[in-house]
Amino acid sequence: LWAMPWREQLSEGLGKLAEKYPAVLADTRGWGLLKGIKINDDAGVTAGELVGDAMEEGLLLVAAGPSVVRFVPPLIVTKEEIDQALSIFEKAILKHVE
């Protein structure tokens, strides 16, 4: 149960990224720390490409089909690690935003 605050932190962080980059990101979904964020069909980038860009920066994500990026952090994840993951994911998004 102690991971509950981090669950909210991840959800809110992904929601803020979706608001900041509406041309690329749509809604978030998931349960607990298992979260996915939908990539818009007309974003010009696939989930796999964003996952690859994040991996180049040291963040391991999972593509769930062509249009969902899945976050699957360990239950022992820290607040700082979630902040770092969101920052790296934003860097990956920025590679595809004009």
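All figures in this text were calculated on a predicted structure; none of them were measured in a lab. (Residues numbered from 1 in each chain as written. Predicted model: local features only at pLDDT ≥ 70, side-chain atom pairs only at ≥ 80, totals over all residues. Heavy atoms only, no water.)

Caption draft 1: Geometry of the nonpolar core. Leu-25, Leu-50, Val-69, Phe-71 and Phe-89 are the most contacted members of the largest nonpolar core, which totals 28 residues. Elements represented by at least two residues in this core include exactly α1 (4-20), β2 (34-39), α2 (47-56), β4 (68-71) and α3 (79-94). A total of seven residues in this core trace back to one element, the largest contributor, which is α3. Residues within four places of Phe-89 in sequence aside, it is in contact with Leu-14, Leu-17, Leu-25, Ile-37, Leu-50, Leu-59, Leu-61, Val-69 and Phe-71. (Core = buried A, V, L, I, M, F, W, Y, C linked by side-chain atoms within 4.5 Å. Buried < 20%, exposed > 50% of the residue type's maximum accessible area, 1.4 Å probe, protein only. Helix = DSSP H or I, 4+ residues; strand = E, 2+ residues; numbered from the N terminus. Contact = heavy atoms within 4.5 Å.)

Caption draft 2: Inspection of the packing of α2 against α3 at higher detail. Where α2 contacts α3, the two axes come as close as 8 Å, and the packing angle between them is 125 degrees. In terms of their interaxial angle, α2 and α3 are classed as oblique. The handedness of the crossing between α2 and α3 comes out as right-handed. Together, Leu-50, Asp-53 and Ala-54 of α2 and Ile-88, Phe-89, Ala-92 and Ile-93 of α3 make up the contact between the two elements. Classifying every residue of the contact of α2 with α3 by side-chain character gives six nonpolar, no polar and one charged. (Axes fitted to C-alpha atoms, helices over the stretch in contact; angles between N-to-C directions. Parallel < 35°, antiparallel > 145°, perpendicular 65-115°, else oblique. Left-handed = near helix turned anticlockwise from the far one by under 90°. Nonpolar A, V, L, I, M, F, W, Y, C, P; charged D, E, K, R; others polar.)

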